[in-house]
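Remarks on the overall topology
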Amino acid sequence: MSVPPGLPARITGRLGLDDMARHVPVPFRVPPGCAGLRIAFEHAPHHPGAGDIPHQLSISVIGPDGSRGTRHNNADQSVLLSETSASPGYLPGPIEPGLWRVEIDTHRILPPGGIDWEITVEAVAAPDAVPEAPPPAFVPRTGPLWVRGDLHRHTFHSDGLWSPAAMVADARARGYDFAALTDHNTTSALREAQTAAGQDLLILPGMELTTFHGHALALGSGALWDWRIRDGQTMSERAAAIMAAGDLYVIAHPMSAGHPFCTGCFWAWSDMLPGPARLVEVWNGTWGPGPKNPLGLDLFHGWLNAGHRLVATAGSDDHGRGSPEALPGHMLVSVAVLSVPGLLTALGRGHAVLTSGPRFTLTAQAHGRDLLPGDCAPGPVPLTLDWSDAAPAGRLRLITGRRGEEGVRVAHEATVGPAGQVTLDPALLKGADWAMVELRDAQGGMQALANPVFLGAGWEG
Ligand SMILES: [Zn+2]
Ligand SMILES: [Zn+2]
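Each residue is numbered by its place in its chain's sequence as written, counting from 1. By the order in which they are written, chains take letters starting at A while ligands take numbers starting at 1. Restriction of local features to residues with pLDDT of at least 70 applies here, the model being predicted, together with a cutoff of 80 or more for giving and counting side-chain atom pairs; totals for whole chains, interfaces and linings are based on all residues. Note that water and hydrogens are dropped before the side-chain values are worked out from all heavy atoms of the structure.

Further remarks concern the coordination of the zinc ion (ligand 1). The donor set covers N, O and S atoms within 2.8 Å of the metal, switching to 3.2 Å for Na, K and Ca, and it leaves out water, so a site may look short of donors. Only Glu-208 (OE), His-215 (ND1) and His-253 (NE2) from the protein reach the zinc ion (ligand 1) as donors, at distances of 2.1 Å. In terms of primary sequence, the donors binding the zinc ion (ligand 1) are separated according to E-x6-H-x37-H. A separation of 3.5 Å is found between the zinc ion (ligand 1) and the zinc ion (ligand 2), which are bridged by Glu-208. In this pair, Glu-208 sits in strand S11 (residues 202-211) while His-253 sits in the loop between strand S13 (248-251) and strand S14 (279-284), placing the two residues 45 residues apart along the sequence. Residue classification places Glu-208 among the buried positions, given a relative accessible area of 0%. Residue exposure (1.4 Å probe, protein chains only): buried if accessible area is under 20% of the type maximum, exposed if over 50%, otherwise partly exposed. Note on His-253: relative accessible area 5%, which makes it buried. Note on conventions: DSSP H or I runs of at least 4 residues are helices, E runs of at least 2 residues are strands, and numbering of each starts at the N terminus.

Below, the structure is given as structure tokens:
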């Protein structure tokens, strides 16, 4: 390999079809005493010439001390980096002398390939530092209480339209108590989102690991996890590392259409079906149209029947392009304390309901103890459902399954009004290993879905 250039540098190359799903390294050398870097990436053509789908290339910047971020799938692939400031998608920090590299992340290259690219890097003066006050701390709320929020949101720090403040304003307008920040492959919007959220809206820090073979949310710490699964690495090892650090790992929209429509969106990590994952986003955006959510729920049922104790989640995946009138899936979570640790604990246990808006709660009693969705009961128990703000005519459905069997049973179904309470006869759960209760609308669309209650032995751990 040739000696990497110093600064300024202009490096060019060409990508063919075989370069798809690679991290093409472009090294350069930064001399001592450099206060800032300006990096620009251009490529042509942007479009293969036929059809509506463009090539999809982004860059990542990696310094001697590790990744500095990326701005996934954004038209603006120019970067300014210094100790105190950085372009959206990137993290500020010292400009260490030594070997740096840009990696061209080739998410999608369409036939006939043949993309010419150019990267320029120059040293620049650091902008005047503007001292920033730390974001105001969220004031935890003690419960127990059911709280409402969204687990999947993007900003212009990746490929969203929303600024972090606009994302927060939307969450507030929807009456949410919390909102997760899950930009693709970066966490750089966190500070601005927390500042906008103030003391009364909880931001759940996170990112969406947007790999070439599936998307996953890491929620909790706001750490910039490496999203690249390189040769010799596995997604299940990455998931285990994320979980070992205390973050939640959520398989996102596993049954989305994949390449070329949404390259990487279909879950294809064969070591993670579901592998060590415990949370699965079965409801992404609005329930319909399209089959991704019904198919995702079928997949989830199958994994329950295979004996995996899992938690279902919902997230809008809103990039700021949705209509404010849209009713995407989001969460109602039963927390002991509304705080980041309190929310992570409750979500990890599955103490949650997925909803497009209606309030819908499930509680049960076993040996004088209150059970929530996600909990285990020693055997059949009466399940109590409470709901309001639902469609005028809906269908309440009890779905049950057994380990080792294919498919599920509709154990009970009834027409219900916009609000009500019902306790289901425990006899309906006889022979079942798990049960989920759905509230559908008259057309079959999902209004709300409670996490499974697990029955009998063998689900612990
Ligand atoms: Zn995604
Ligand atoms: Zn997303």
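On to the state of the cysteines. Any two cysteine sulfur atoms within 2.5 Å of one another count as a disulfide. Applying the stated rule across the entire model yields 1 disulfide. Two residues share a disulfide in this structure: Cys-262 and Cys-265, whose sulfurs sit 1.8 Å from each other. A relative accessible area of 30% places Cys-262 in the partly exposed class. Take Cys-265: its relative accessible area is 5%, and that puts it in the buried class.

Domain extents, as shown, originate in an automatic or database domain assignment. One can read the domain layout of the protein chain as domain 1 (9-124), domain 2 (133-357) and domain 3 (358-461). Centre-to-centre separation of domain 1 and domain 2, based on C-alpha positions: 26 Å. For the domain 1 and domain 2 pair, buried surface summed over both sides reaches about 1,800 Å², with 60% attributable to carbon and sulfur atoms. Each of two parts loses accessible area, computed with a 1.4 Å probe, when they are put together; buried area is these two losses added. Contact with domain 2 buries surface across domain 1, with His-23, His-72 and His-107 losing the most and accounting together for 30% of the total.

This part takes up the nonpolar core. What we call a nonpolar core is a set of buried Ala, Val, Leu, Ile, Met, Phe, Trp, Tyr and Cys residues that are connected through their side-chain atoms within 4.5 Å. With 59 residues, the main nonpolar core has Tyr-249, Val-282, Met-331, Val-333, Leu-343 and Leu-347 as its most contacted residues. Split by domain, this core shows at least three residues from each of two domains, domain 2 (133-357) and domain 3 (358-461). Any two residues having at least one pair of non-hydrogen atoms within 4.5 Å are treated as being in contact. Other than its neighbours up to four places away in sequence, Val-333 contacts Leu-145, Trp-146, Val-147, Phe-178, Leu-343, Ala-346, Leu-347, His-351 and Ala-352. Of all hydrophobic cores here, the second largest spans 29 residues; its members include Trp-146, Leu-362, Ala-435 and Leu-439.

The strands that make up a sheet pair up through hydrogen bonds in the backbone, lying either parallel or antiparallel. The strand order across the open sheet built from 4 strands is S2-S7-S4-S5, with neighbouring strands paired in antiparallel fashion. The open sheet has two edge strands, strand S2 (23-30) and strand S5 (66-70), and neither has a second partner. Averaged over all pairs of adjacent strands, the angle between strand axes in this sheet comes to 25°, irrespective of strand direction. Should DSSP find at least two bridges between two strands, the strands are taken to pair. Here S2 pairs with strand S7 (residues 98-108) via 8 bridges, running antiparallel. Within S7, the position partnered with Val-24 by the bridge is Ile-104. Simply put, an axis is a line fit to the C-alpha atoms, just over the touching stretch for a helix, and the angle between two N-to-C directions goes from 0 to 180 degrees.

This next bit is on the coordination of the zinc ion (ligand 2). Reference values for coordination geometry: four tetrahedral donors around a metal ideally subtend 109.5 degrees, six octahedral donors ideally subtend 90 or 180 degrees. Distances from the zinc ion (ligand 2) to its protein donors, His-152 (NE2), His-154 (NE2), Glu-208 (OE) and Asp-317 (OD), fall within 2.1 to 2.2 Å. The site at the zinc ion (ligand 2) holds 4 donor atoms, and with the angles between them running 82 to 172°, its shape is irregular. Within one chain, the residues serving as donors to the zinc ion (ligand 2) are arranged as H-x1-H-x53-E-x108-D. In short, tetrahedral needs four donors with all angles between 85 and 135 degrees, square planar needs four and octahedral six donors with opposite donors over 155 degrees apart and all other angles between 65 and 115, and whatever is left is irregular.

Another point: the environment of Glu-413. One can find Glu-413 in strand S23 (residues 409-416). Dropping the residues within four chain positions of it, Glu-413 is found in contact with Arg-395, Leu-396 and Arg-397.

All right, on to the pattern of salt bridges then. Between side chains of opposite charge, a pair can form as their charged atoms come close. Only one rule defines a salt bridge in this text: a Lys or Arg side-chain nitrogen within 4 Å of an Asp or Glu carboxyl oxygen. All told, the structure shown has 22 salt bridges when counted by the stated rule. Here Arg-68 and Glu-96 are joined by a salt bridge, their closest N and O atoms 3.8 Å apart. On the criterion of sequence distance, the pair formed by Arg-68 in strand S5 and Glu-96 in the loop between strand S6 (78-82) and S7 is long-range, its members being 28 residues apart. Glu-96 shares its class with Arg-68; the two are buried. A salt bridge links Arg-395 to Glu-413, with the nearest nitrogen and oxygen atoms 3.3 Å apart. Of the two residues, Arg-395 is situated in strand S22 (residues 394-401) and Glu-413 in strand S23; the sequence distance between them amounts to 18 residues. On the basis of relative accessibility, which here comes to 30%, the residue Arg-395 falls in the partly exposed class. Residue classification places Glu-413 among the partly exposed residues on the basis of a relative accessible area of 34%. Shared partners join several salt bridges into a network, and the residues in it are Arg-101, Glu-103, Asp-226, Arg-228 and Arg-230.

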